[in-house]
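Coordinate analysis (summary)
Chain by chain, the residues:
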Amino acid sequence: MEDKTNTSAQTQTDEELRITQEAVELLKTVFDPEIPVNVYDLGLIYRIEYTQADKTLHVDMTLTAPSCPAADFIVEDVRQKLVSIEGPEKIDLQLVFEPEWNQDMMSEEAKLELGFL
């Protein structure tokens, strides 16, 4: 007799992985209009987590500065991209400012693009 418990747990893990990977790929298409680097590589995304139990995709993000003039545009663009993912029934997008963003949070590619390397 086959053990379905393990298979079910693996399927959930696969689903969570698929959704978080798709979220990363979509977030790499969101740009601050003033900076030629996507929000993911800028290090503005602090958490991406999918909760299978309540089918909620949780994303914590920040901005390069709390007074960012493009904040509404960026957050709405992120929300629209996340809503397009098949699977999650709810998007929990939180704008956070702790820890405070700094240039060390950028990917190597972003640092290179912006001339920091």
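Residues numbered from 1 in each chain as written. Predicted model: local features only at pLDDT ≥ 70, side-chain atom pairs only at ≥ 80, totals over all residues. Heavy atoms only, no water.

For the rest of this paragraph, the subject is the pairing of strand β2 (residues 56–61). Most of β2 sits inside the fold, with six of its six residues counted as buried. Here β2 shows a buried face lined by T56, H58 and D60 and a second buried face lined by L57, V59 and M61. As defined by bridge partners, strand β1 (residues 45–51) adjoins β2 across six bridges and the pair is classed as antiparallel. Each bridged residue has a counterpart across the sheet, and for T51 the counterpart in β2 is T56. Count of turn residues in the β1/β2 antiparallel hairpin: four residues, of which K55 carries a positive phi of about 50 degrees. Both β2 and strand β3 (residues 90–95) contribute to a ladder of six bridges, which runs parallel. Bridge pairing in β3 places V59 opposite L93. Handedness of the crossover is the feature at issue here: the chain leaves β2, passes through helix α2 (residues 71–83), returns alongside β3, and the resulting connection is right-handed. (Buried < 20%, exposed > 50% of the residue type's maximum accessible area, 1.4 Å probe, protein only. Helix = DSSP H or I, 4+ residues; strand = E, 2+ residues; numbered from the N terminus. Pairing = 2+ DSSP bridges. Right-handed = clockwise from strand over helix to strand, strands pointing away.)

Another point: the nonpolar core. In this structure, V39, L57, M61, I74, V78, L82 and L93 are the most contacted members of the largest nonpolar core, which totals 29 residues. Contributions of two or more residues to this core are made by α1 (4–27), β1, β2, α2 and β3. Per-element accounting of this core gives the leading share, five residues, to α2. Leave out the neighbours within four places in its chain, and V39 touches L27, V30, L44, I45, I74 and V78. (Core = buried A, V, L, I, M, F, W, Y, C linked by side-chain atoms within 4.5 Å. Contact = heavy atoms within 4.5 Å.)

Another aspect to go through is the pattern of salt bridges. Within the structure shown, the criterion is met by five salt bridges. With a closest N to O distance of 3.1 Å, E22 and R18 form a salt bridge. Taken as a pair, E22 and R18 lie in helix α1 at a separation of four residues, close to a single helical turn. Among the residues examined, E22 registers a relative accessible area of 27% and is labelled partly exposed. We note a salt bridge from D77 to K81, for which the minimum N-O separation is 3.5 Å. You can see D77 and its partner K81 sitting in helix α2, four residues apart, about one turn around the helix. Look at K81 and you get partly exposed, because its relative accessible area is 22%. Linked through salt bridges whose partners overlap, the residues forming this network are E15, R18 and E22. (Salt bridge = Lys/Arg side-chain N within 4 Å of Asp/Glu carboxyl O.)

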